[in-house]
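# Observations on the three-dimensional arrangement
Listed below are the residues making up each chain.
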Amino acid sequence: MLATTYYWLKAGHIVFVIFWMAGLFMLPRFFVYHQEAAPGSPENAAWVEREAKLLKIILWPSLIVVWVLGLALAMSIGAFQQGWFHAKLAFVLGLTAYHLWLANYAGHLARGERRLNGRRLRMINEIPGIAAAFIVVLVVVKPF
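One structure accompanies this document, and this report is about it. (Residues numbered from 1 in each chain as written. Predicted model: local features only at pLDDT ≥ 70, side-chain atom pairs only at ≥ 80, totals over all residues. Heavy atoms only, no water.)

### Structural notes on the packing of aromatic side chains
Under the criterion given, the structure shown has 9 aromatic pairs. For the pair Phe-16 and Phe-19, a centre-to-centre distance of 5.3 Å together with 85 degrees between the ring planes defines the contact as edge-to-face. Placement of both Phe-16 and Phe-19 in helix 1 (residues 2–36) is noted, with a separation of 3 residues, approximately one turn of the helix. Overall, the relative accessible area of 27% leaves Phe-16 in the partly exposed class. (Phe/Tyr/Trp six-rings, centres within 6.5 Å; stacked < 30°, edge-to-face > 60°. Helix = DSSP H or I, 4+ residues; strand = E, 2+ residues; numbered from the N terminus. Buried < 20%, exposed > 50% of the residue type's maximum accessible area, 1.4 Å probe, protein only.)

### Points about the layout of surface pockets
Taken as a whole, the largest pocket holds about 670 Å³ of empty space. Residue lining of the largest pocket: 26 residues in total, with His-13, Val-17, Lys-88, Ile-135 and Val-139 positioned closest to the centre. For the lining of the largest pocket, the elements supplying multiple residues, two or more each, are helix 1, helix 2 (42–77), helix 3 (83–110) and helix 5 (127–141). Across the lining of the largest pocket, the residue classes break down as 21 nonpolar, 2 polar and 3 charged. (1 Å grid on protein atoms, 1.4 Å probe; cavity = no way out; pocket = protein on both sides within 12 Å on 5 of 7 lines; lining within 4 Å. Points joined across faces, edges and corners; volume = space filled by probe spheres on them. Nonpolar A, V, L, I, M, F, W, Y, C, P; charged D, E, K, R; others polar.)

### Remarks on unusual backbone geometry
Phi is positive for Lys-142, which is not a glycine, with a value near 50 degrees. Along the polypeptide, Lys-142 turns up in the segment after helix 5.

### Concerning the nonpolar core
Considering soluble globular proteins, one finds that nonpolar side chains tend to be buried as a cluster. The biggest cluster of nonpolar side chains holds 27 residues, and the ones touching the most others in it are Trp-20, Leu-24, Leu-27, Phe-31, Leu-59 and Leu-95. When residues of this core are traced back to their parent elements, those giving at least two are helix 1, helix 2, helix 3, helix 4 (118–124) and helix 5. Apart from the residues lying within four places of it in its own chain, the contact partners of Leu-24 are Leu-59, Leu-95, Tyr-98, His-99, Leu-102, Asn-125 and Pro-128. (Core = buried A, V, L, I, M, F, W, Y, C linked by side-chain atoms within 4.5 Å. Contact = heavy atoms within 4.5 Å.)

### Focus on the side chain of His-34
Counting through the fold element by element, His-34 comes out in helix 1. The class of His-34 is buried, set by a relative accessible area of 0%. At 2.7 Å, the side chain of His-34 forms a polar contact with the side chain of Asn-44. (Polar contact = N/O pair within 3.5 Å; in protein donor to acceptor, adjacent residues only side chain to side chain.)

### Re the packing of helix 3 against helix 5
The N-to-C vectors of helix 3 and helix 5 enclose an angle of 160 degrees; their axes lie 9 Å apart at closest approach. Put simply, helix 3 runs roughly antiparallel to helix 5. The crossing of helix 3 and helix 5 is left-handed. Residues Trp-84, Ala-87, Lys-88, Phe-91, Val-92, Leu-95 and Tyr-98 of helix 3 pack against Ile-127, Pro-128, Ala-131, Phe-134, Ile-135, Leu-138 and Val-139 of helix 5. (Axes fitted to C-alpha atoms, helices over the stretch in contact; angles between N-to-C directions. Parallel < 35°, antiparallel > 145°, perpendicular 65-115°, else oblique. Left-handed = near helix turned anticlockwise from the far one by under 90°.)

### Quick look at the pattern of salt bridges
As enumerated under the stated definition, the model contains 4 salt bridges in all. The salt bridge partner of Glu-36 is Arg-122, with a shortest N-O separation of 3.8 Å. Here the residue Glu-36 occupies a position in helix 1, and Arg-122 occupies one in helix 4, the gap between them amounting to 86 residues. Its relative accessible area of 35% is what places Arg-122 among the partly exposed residues. Notably, a salt bridge pairs Glu-113 with Arg-111, separated by 3.3 Å at the nearest N-O pair. On the accessibility criterion, Glu-113 (27% relative accessible area) is partly exposed. One continuous salt-bridge network, built from bridges that share partners, spans Arg-111, Glu-113 and Arg-115. (Salt bridge = Lys/Arg side-chain N within 4 Å of Asp/Glu carboxyl O.)

If you want it as structure tokens, here you go:
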């Protein structure tokens, strides 16, 4: 029974990680296009709405499910005593902080505050991919 539950938890965790990562890649790209829209324009309002929907429908629910299932998986295999898990957890905490920063930046854009240029946003958009690469290596290889 426990083995079957473990595989369902793992499958759900992976599915929601994919949803979360997709949103983390999409939102900064939305920001780039949003900043190209004229302030106060209908296009600007549409980007505000798109960003809010992405956060509400995909990003926030995925973040919660990823954490719940991930912690359940970690408890089921005793991962809290393993070094690779501590490193993975650090990266996931970093991605969570990145998620919070993105949500905050969406609020700034909604208020008309454009603090970053498109080039910087494109560079920031690489963060989840780099973090995901390290996380996958840690989970699959378990180097320590």
